[in-house]
Amino acid sequence: MSVNVPLWVAGLTVLLIAVLLLVLWSLKRRRRPHLRITHMQDEGVLMQSMAGLTLGSMATGNAVRLLQNGRFFDELHADIARARATISLETFLAKEGEVTRRLAAALAQKARAGVGVRVMLDGMGGRKFGREPLRLMREAGCTVRQFHPIRLSNLGRLNNRTHRKIVVIDGRIGYVGGHCLADNWLGDGGDREHFRDISARVEGPVVAQLQSAFTDNWITEAGEVAVGEGLFPVIEPAGDTAAHVVYVSPAGNPSTIELLHYGAIEAARRRLLIQNPYFLPDGDARDALARAVGRGVEVRIMIPAATVTDSPIVQHASHHHYGSLLKDGVRIFEYQRSLLHQKVLVIDGQWAAVGSSNFDDRSFEINDEVALVVYDEALAGELETIFREDLEDCIEQRLDEWQRRPALHKLQDGVAFLFKEQL
């Protein structure tokens, strides 16, 4: 049976499809300015400029401690055990195992004791948290929500994930960094099955900013505007560190997370250390790194080798611009022992950032991310020491050797780079 469609109907259908595709393209295209941040060399205004640039506010009187590898969970569980009012947790990746079962049991116990427990799992990364651990938490009274769960009504938002890793306890103690809820983050990062990572434990007024970052997504998915002394208490000073939180939902371009990274590069005067598992800088970032080297900054970047990463395609995409970075004088080190998952910036041994963000378009433009920026020479010095120790497990890439890599390797790099915006 044949169906005769009037020519004008067919033409109108084609036109409507074309208009729809144009609209979708324009939404995706968002105007992207070429970034070049100026006057970041002025130490007198650096702290306030960075806070204002990233839509934050400087908070003084904080105490910050770095937690590496499996020690993170030991400290977290000790604080959960002491919780009296509220626990807020948001994370991206969760896989059923020792970590999720132990955490679910601890949160369920606190919920039964009357603590208000709120858990936000990414609708994609958190799908494997485990049916039984989830049931245990919900039956105990924990409120569990998914961020952009996989369903038809979320079709236009499925590519936007929450990549944040936040825990706030009683509104007074906060955790932020790279740790996910999976057994690979246990141990001491000593082999390919146990990842290398850093998070920060925070006390002091800046914790309120971490609670705000959690509330940002909680309101959207849970419909609850949670307030009160248990979430936003009056916080007394706990130390001497000045800090602020940078968090972003992809509402515009450039994002605050992107501005943080560009600002750090432009602010560096002597040393810039970057540790990141997924390093895919765009042209503006590469130009900024080259300018930093040109003004005498020692720029060192550490990423995991393709042989130990959990996503070799990302590393191959990253390789695509190794040559230009090495020519510009940027030093690149590939960590060989395990997946180096920490997301760290250290600038001049004076200030630093620790958070959830990768150095790529997905983190800068698509995902919800969070970072803690600290202005503390002792803490920055500790991160520099960690960087130097990690160098013992690295191989430095040399330009002449890199240019002689096999043709197949170059082809893999080029093909992977085509998909860099979604990696």
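Computed from a prediction, not measured in an experiment: that's the story for all the values here. (Residues numbered from 1 in each chain as written. Predicted model: local features only at pLDDT ≥ 70, side-chain atom pairs only at ≥ 80, totals over all residues. Heavy atoms only, no water.)

**Focus: the packing of aromatic side chains**
Two aromatic rings are characterised by how far apart their centres lie and by the angle between their planes.
Consideration 1: Counted according to the given criterion, the structure contains eight aromatic pairs.
Consideration 2: Residues phenylalanine 72 and phenylalanine 73 carry aromatic rings whose centres are separated by 5.1 Å and whose planes lie at 85° to one another, so their mutual orientation is edge-to-face.
Consideration 3: What makes phenylalanine 72 buried here is its relative accessible area of 6%.
Consideration 4: Considering the side-chain rings of tyrosine 322 and tryptophan 402, the 4.6 Å spacing of their centres and the 40° angle between planes classify their relative orientation as tilted. Residue tyrosine 322 is found in helix H10 (residues 322-327), and its partner tryptophan 402 is found in helix H13 (residues 399-403); the two are separated by 80 residues along the sequence.
Consideration 5: A relative accessible area of 7% means that tryptophan 402 is categorised as buried.
Consideration 6: Three or more aromatic residues joined by ring pairs make a cluster, and in this case those are Phe72, Phe73 and Tyr175. (Phe/Tyr/Trp six-rings, centres within 6.5 Å; stacked < 30°, edge-to-face > 60°. Buried < 20%, exposed > 50% of the residue type's maximum accessible area, 1.4 Å probe, protein only. Helix = DSSP H or I, 4+ residues; strand = E, 2+ residues; numbered from the N terminus.)

**A closer look at the packing of helix H7 (residues 256-267) against helix H8 (residues 283-294)**
Consideration 1: At their nearest, the axes of H7 and H8 sit 8 Å apart, and the two run at 20° to each other. Accordingly, the angle class assigned to the pair H7 and H8 is roughly parallel. Pair H7 / H8 crosses with left-handed handedness. Of the residues in H8, those in contact with Tyr262, Ile265 and Glu266 of H7 are Asp284, Ala285, Ala288, Leu289, Arg291 and Ala292. (Axes fitted to C-alpha atoms, helices over the stretch in contact; angles between N-to-C directions. Parallel < 35°, antiparallel > 145°, perpendicular 65-115°, else oblique. Left-handed = near helix turned anticlockwise from the far one by under 90°. Contact = heavy atoms within 4.5 Å.)

**Let's talk about the packing of helix H3 (residues 71-81) against helix H4 (residues 98-112)**
Consideration 1: The interhelical angle for the contact between H3 and H4, taken along N-to-C directions, is 15°, at an axis separation of 10 Å. Put simply, H3 runs roughly parallel to H4. Between H3 and H4 lies a crossing whose hand is left-handed. Taking contact as the criterion, the partners of Phe73, Asp74, His77, Ile80 and Ala81 in H3 are, on H4, Val99, Arg102, Leu103, Ala106, Leu107 and Lys110.
Consideration 2: A breakdown of the residues in the contact of H3 with H4 according to their chemical character gives seven nonpolar, one polar and three charged. (Nonpolar A, V, L, I, M, F, W, Y, C, P; charged D, E, K, R; others polar.)

**Things to note about unusual backbone geometry**
Consideration 1: In this structure, histidine 148 takes a positive phi of about 50° despite not being glycine.
Consideration 2: The topology assignment puts histidine 148 in the loop between strand E4 (143-147) and strand E5 (166-169).
Consideration 3: With phi around 60°, aspartate 348 is a residue other than glycine that occupies positive phi space.
Consideration 4: Following the sequence through the fold, aspartate 348 ends up in the loop between strand E12 (344-347) and strand E13 (351-355).
Consideration 5: With a relative accessible area of 3%, aspartate 348 lands in the buried category.

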